[in-house]
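Given next are the chains, with one letter for each unit.
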Amino acid sequence: MIPVRKAYGRPLDLRQGRVEMMHGSGGRAMAQLIDELFLSRLGNAHPGAGNDAAVLPAAAGRLVVSTDSHVVSPLFFPGGDIGCLSVNGTINDVAVMGATPLYLAAGFILEEGFPLADLARIVDSMAQAAAAAGVPVVTGDTKVVQRGRGDGVYITTTGVGVVADGEDWSGDRARPGDSIIVSGGIGEHGMAIMAQRESIGFAADIVSDTAPLHGLIAAMRASGADIHVVRDPTRGGVATTLNEIARQSRVGMMLRESEVPVQPQVAAACEFLGLDPLYVANEGRLLAIVAAADAERLLAAMRAHPLARHAALIGSVHQDAQCFVQMSTKLGGRRVVDWLSGDQLPRIC
Amino acid sequence: MKFIDEFRDRELAHGLAAAIGRAAQPQRDYQFMEFCGGHTHAIARYGVSDLLPANVRMIHGPGCPVCVLPIGRIDMAIRLAMDEGVILCSYGDPLRVPASGGLSLLRARAALAGGGEIRMVYCAADALRLAQENAQRQVVFFAIGFETTTPPTAVVIRQARALGLRNFSVLCCHVLTPAAIASILESPEVRQWGSVRLDGFIGPAHVSTIIGSRPYEFFAAEYRKPVVIAGFEPLDVMQAILMLIAQLNSGRAVVENEFARAVTREGNRKAQRMVAEVFELRRSFAWRGLGELPYSALRIRREFADYDAERRFPISYQAVPDHPACECGAVLRGARRPQDCRIFGSVCTPENPVGSCMVSSEGACAAHYSFGRFADAKVAP
């Protein structure tokens, strides 16, 4: 009798092995990579695993869909890595619409020669983040590009969630008189990456704030506060996100510099490089714009959640046809807080 | 944050503002030039102007190293990467300065096809390290800046020689502060036409840690202009303004040092010696806005010729006229305010800078656009 053959001759070498072109060619090697490296970690409990698409039960309410590509360098940084970042980032984009995130899809572009051990570490981290958030990765894709044509690994994730009818958070709903709240210290993700990338010793204890925000957002919803806008200030930082909202809502904003929470080590690293923490990326913070009468109630609900213990009321919305975001400075003067132009570049002098 | 927060304290600022208000005589006005981009940045970012009385006006000076770099110098750096295939290393903020042919170092990097590379470095030593790591490649450090950034460039040139590196050189564009101040004081707007009235200067902070306060004594004595050297924090600037007003009120014109925590009269002698060992004066150097100024910049001495990119590679400076509508030159001389330029904020923005003053956040136009333009729009929240 012929014994039942194992699917693949030898298991993947997760110690010394590297991504090869054949891992993207659609043959047995690709199937093995998917089985042994991806499915074993991300799970295949959903009906339809092994098919070209996931088939999932439809949920009541309206669908919210968001997609985000992740190209971070370095891939591993204090407080996280590209894996958990790609899960949390997309969960947050869905959650800030007031939605409950349900499923994730993940696409990987792998560079030939990338160590399988690092890939396994990244997928482990994704699996952990997805499990912690309770949002499974239900379908995915991998492609391999030649050495030198990628940057190790790029991950694109798409998130699907549902939002109840009547829940209507949107960037165009900020109204004059509203209060602006930030959920915690700003600039931590961006400075953690930069400190690692540029080997800035004294900033080595800055840890990325990457975290899924849907739990916090659920608590905010439960507070009953009249929330108008929620957004996560990722690239371009708080300044750019507030400018986006101001433009969408055709309003102006006035921030109070003394109220904006910035960890001392983040402030120090920014001083050192001549950067402004208002423009540095966050991955686990949110901005909420809420009716002024409900601001204290919302703030209390947020501070009761572990991800927003340092939430702060940082400013207010007013009428302004020019849509300027301004700030009263610590010194007592006034300035514009403009859109980020280009990349933030360190100053010479 | 220690040693930072103390210099941004609201109470002290209001105390100083009140003192300035009392000292400024209502029957006259005061016009001071802050030489450095660092001061311009601090004034704009912290809203210092909002705390000053209406008869005290600050005029932005030319002390932004990126702003005074002429187009032709950026072109040389681009040619090194594009035509000579070198790894060109630059500080961050020159990367966006517009050059000829619609290029900038950033745009050139996106268009590079040959073997050349353009990389951002945080310090001169990073460029030297790149040369050590890439022995097969020519690495050129694009050295710009006033006296503050010159000593580190001198150090890497000396180190390159000590290490016997054959693949490292420097495109030297270092310029000198006193020459720029002299050129402003000699400009027709100040001397003949009187269209720019300068009552005194806030002297450089970081530059003065190197050169000391002595070089400014000539300006105080010869041109009867008070100079107060000040740090880059907003309270430093306000204290300096108060000291300038006091000098004017009492008819004095001397050099005073508000930044005594870092600046001495003699400066950093060791750094000065090192700079003198590696560099010598150029007979003339083209500045954006100020034109050709005699003995206003440095070049690498013959003894270190092996590390001079201008000698190693077939590149030479070609003057390129500025955009005809751009007023950067007049802005750098204090003859115009950024918002007086026809293309300010419309054609010329930080995303698409036409002139160099819109590039670095220390540039007068960028500082006003990014931090202060609400004042032009007359919006009251």
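Residues numbered from 1 in each chain as written. Chains lettered and ligands numbered in written order. Predicted model: local features only at pLDDT ≥ 70, side-chain atom pairs only at ≥ 80, totals over all residues.

Chain B is annotated in an unreviewed UniProt entry as Hydrogenase maturation factor from Candidatus Accumulibacter adjunctus. Quoted verbatim from the Sequence similarities (unreviewed entry) field of the UniProt record, the comment on chain B reads "Belongs to the HypD family." (UniProt positions renumbered as here; feature names shortened; annotations may be inferred.)

An unreviewed UniProt entry lists chain A under the name Hydrogenase expression/formation protein HypE, with Candidatus Accumulibacter adjunctus as the source organism.

Peer 1: I tried to follow the overall build of chain A on my own but got confused; where do I start?
Peer 2: In terms of regular secondary structure, chain A is built from eight helices and 13 strands. The C-alpha extent of chain A, read off along each of the three principal axes, is 85 × 55 × 35 Å. Buried residues in chain A amount to 49% of all 349 residues. (Helix = DSSP H or I, 4+ residues; strand = E, 2+ residues; numbered from the N terminus. Buried ≥ 20, exposed ≤ 12 C-beta atoms within 10 Å, placed from the backbone.)

Peer 1: Would you mind going over the overall build of chain B with me for this structure?
Peer 2: What chain B contains, in helices and strands, is 16 helices and 13 strands. Relative to the compact-globule value of 21 Å for 381 residues, chain B shows a C-alpha radius of gyration of 21 Å, a close match. Seen along its three principal axes, the alpha-carbon backbone of chain B occupies a region of about 65 × 45 × 45 Å. Taken across its 381 residues, chain B has 55% of its residues classed as buried. In chain B, once contacts between residues fewer than 6 apart in sequence are set aside, the share between residues at least 24 apart is 76%. (Rg over C-alpha atoms; globule rule 2.2 N^0.38 Å. Contact = placed C-beta atoms within 7 Å.)

Peer 1: What is the right way to look at the packing of helix 1 (residues 28-42) of chain A against helix 3 (residues 116-133) of chain A in this model?
Peer 2: The axes of two packed helices give the description: the angle between them and the distance between them. Residues and elements named next belong to chain A. The contact between helix 1 and helix 3 brings their axes to 9 Å, and the two run at 15°. Regarding the angle of helix 1 to helix 3, the classification is roughly parallel. You can see that helix 1 and helix 3 cross each other, and the crossing is right-handed. When helix 1 is examined against helix 3, the residues Leu37, Phe38, Arg41 and Leu42 are found in contact with a partner set consisting of Leu116, Leu119, Ala120, Val123, Asp124, Met126 and Ala127. (Axes fitted to C-alpha atoms, helices over the stretch in contact; angles between N-to-C directions. Parallel < 35°, antiparallel > 145°, perpendicular 65-115°, else oblique. Left-handed = near helix turned anticlockwise from the far one by under 90°.)

Peer 1: How do you make sense of the domain arrangement of chain A when you look at a structure like this?
Peer 2: Many descriptions give the size of an interface as the accessible area lost when the pieces come together. Residues and elements named next belong to chain A. According to the domain assignment, chain A consists of domain 1 (21-163) and domain 2 (179-336). Taken over C-alpha atoms, the centre of domain 1 sits 28 Å from the centre of domain 2. Residue-level contacts link 20 residues of domain 1 with 21 residues of domain 2. When contributions to the side of domain 1 that touches domain 2 are tallied by element, the ones reaching two or more residues are helix 2 (82-95), strand 4 (100-111) and helix 3. Residue composition of the side of domain 1 that touches domain 2, by class: 12 nonpolar, eight polar and no charged. (Domains from an automatic or database assignment. Nonpolar A, V, L, I, M, F, W, Y, C, P; charged D, E, K, R; others polar.)

Peer 1: Is there a simple way to think about helix 6 (residues 150-163) of chain B in this case?
Peer 2: Two residues of an α-helix separated by three or four positions point the same way, owing to the 3.6 residues in each turn. Counted at 1.5 Å a residue, the expected span for helix 6 of chain B with its 14 residues is 20 Å, and the 20 Å between its end C-alpha atoms agrees. Of the residues trailing helix 6 of chain B, glycine 164 of chain B is marked for its positive phi of about 70°. (Expected span 1.5 Å × (residues − 1).)

Peer 1: Would you take a moment to explain the UniProt feature "domain: PurM-like C-terminal" (unreviewed entry) in chain A for this structure?
Peer 2: The UniProt record annotates "domain: PurM-like C-terminal" (unreviewed entry) at residues 175-325 of chain A. Between the end C-alpha atoms of residues 175-325 of chain A the distance is 14 Å, and the span holds 34% helix and 17% strand.

Peer 1: What is the right way to look at the pairing of strand 3 (residues 87-90) of chain B in this model?
Peer 2: Residue and element names in this part refer to chain B. Side chains of strand 3 alternate between two faces, with Ile87 and Cys89 and Leu88 and Ser90 buried alike. Read from strand 3 through helix 4 (residues 105-111) to strand 4 (residues 117-120), the crossover connection turns out right-handed. Note that strand 3 and strand 5 (residues 139-145) share four bridges and pair parallel. In the strand pairing of strand 5, leucine 88 is matched with valine 140. (Right-handed = clockwise from strand over helix to strand, strands pointing away. Pairing = 2+ DSSP bridges.)

Peer 1: Honestly, the interface of chain B and chain A in this entry has me stumped. Any pointers?
Peer 2: Contact residues are listed per partner, giving 40 residues for chain B and 28 residues for chain A. Going through the elements one at a time, helix 1 (10-23), helix 2 (37-46), helix 15 (364-372) and helix 16 (374-377) of chain B are the ones with two or more residues in the side of chain B that touches chain A. With five residues, the single largest contributor to the side of chain B that touches chain A is helix 2 of chain B. Residue classes in the side of chain B that touches chain A are distributed as 18 nonpolar, 13 polar and nine charged.

Peer 1: What exactly am I supposed to notice about the confidence of the model for chain B here?
Peer 2: The predicted coordinates of low-pLDDT regions are not to be read in fine detail. The predicted model of chain B has a mean per-residue pLDDT of 93, with 99% of residues at 70 or higher. Across the whole predicted complex the pTM is 0.88, and at the interface the ipTM reaches 0.83. (pLDDT = per-residue confidence, 0-100.)

Peer 1: Which parts of the structure should I look at to understand the environment of aspartate 126 of chain B?
Peer 2: Residue and element names in this part refer to chain B. Along the chain, aspartate 126 turns up in helix 5 (residues 124-133). According to the C-beta neighbour criterion, aspartate 126 is partly exposed, with 16 such atoms within 10 Å. Taking the C-alpha atoms as reference, aspartate 126 lies 9.3 Å from phenylalanine 141; in sequence the two are 15 residues apart. The residues touching aspartate 126, leaving out its near neighbours within four places in the chain, are Cys89 and Val121.

Peer 1: Would you mind going over the domain arrangement of chain B with me for this structure?
Peer 2: Residues and elements named next belong to chain B. The assigned domain composition of chain B is domain 1 (71-177 + 267-312) and domain 2 (328-373). The C-alpha centroid of domain 2 is placed 25 Å from the C-alpha centroid of domain 1. Of the residues lining the interface, seven residues belong to domain 1; the matching set on domain 2 comes to nine residues. For the side of domain 1 that touches domain 2, a count of residues per class yields three nonpolar, one polar and three charged.

Peer 1: Help me understand the pairing of strand 5 of chain B in this model?
Peer 2: Remember that side chains alternate between the two faces of the sheet whenever the strand is regular. Residue and element names in this part refer to chain B. Of all seven residues that make up strand 5, seven are buried, and the element is covered over most of its length. Along strand 5, one buried face is formed by Val139, Phe141, Ala143 and Gly145 and the opposite face, lined by Val140, Phe142 and Ile144, is buried too. Here strand 5 runs beside strand 6 (residues 168-174); their pairing, made up of seven bridges, is parallel. The residue bridging glycine 145 from the neighbouring strand is histidine 174, located in strand 6.

Peer 1: Mind showing me how you'd approach the sheet that holds strand 3 of chain B here?
Peer 2: The strands that make up a sheet are held in pairs by hydrogen bonds between backbone atoms, and each pair lies either parallel or antiparallel. Residue and element names in this part refer to chain B. Within the open sheet, the four strands sit side by side as 4-3-5-6. Their pairing is parallel. Bordering the open sheet on either side are strand 4 and strand 6, each of which pairs with just one other strand. The sheet shows a mean angle of 20° between the axes of neighbouring strands, direction not considered. Note that strand 3 and strand 4 share four bridges and pair parallel. Counterpart to serine 90 in the pairing with strand 4 is methionine 120. In the packing of helix 5 onto the sheet, the strands contacted are strand 3, strand 5 and strand 6, and the crossing angle to strand 5 comes to about 170°.

Peer 1: Explain the sheet that holds strand 4 of chain A here, please?
Peer 2: All names here are of chain A. Strand order across the open sheet formed by four strands is 1-6-4-5, with mixed pairing between neighbours. In this open sheet, the two strands that pair with only one neighbour each are strand 1 (62-70) and strand 5 (137-145). Averaged over neighbouring strand pairs, the angle between their axes works out to 15° when direction is ignored. Strand direction decides the pairing type here: strand 4 and strand 5, joined by eight bridges, are parallel. Across the sheet, isoleucine 109 pairs through a bridge with lysine 143, a residue of strand 5. Packed on one face of the sheet, helix 2 meets strand 1, strand 4 and strand 6 (153-163) and runs near 30° to strand 6.

Peer 1: In this structure, what is going on with the packing of helix 6 of chain B against helix 12 (residues 269-278) of chain B? I would like to understand it.
Peer 2: All names here are of chain B. Between helix 6 and helix 12, the shortest axis-to-axis distance is 9 Å and the interhelical angle comes to 55°. In terms of their interaxial angle, helix 6 and helix 12 are classed as oblique. Crossing of helix 6 against helix 12: the hand is left-handed. Counting all contacts with helix 6, which are made through Thr150, Pro151, Ala154, Val155, Ile157 and Arg158, the residues of helix 12 involved are Ala271, Met274, Val275, Glu277 and Val278. When the residues that make up the contact of helix 6 with helix 12 are grouped by side-chain class, the tally is eight nonpolar, one polar and two charged.

Peer 1: What is the right way to look at helix 8 (residues 295-303) of chain A in this model?
Peer 2: For helix 8 of chain A, every residue scored as buried is listed here: Ala295, Leu298, Leu299, Ala301 and Met302 of chain A. Looking straight down helix 8 of chain A, one finds that the buried residues subtend no more than 165° of arc, so they occupy a single side. (Arc of directions from axis to C-beta.)

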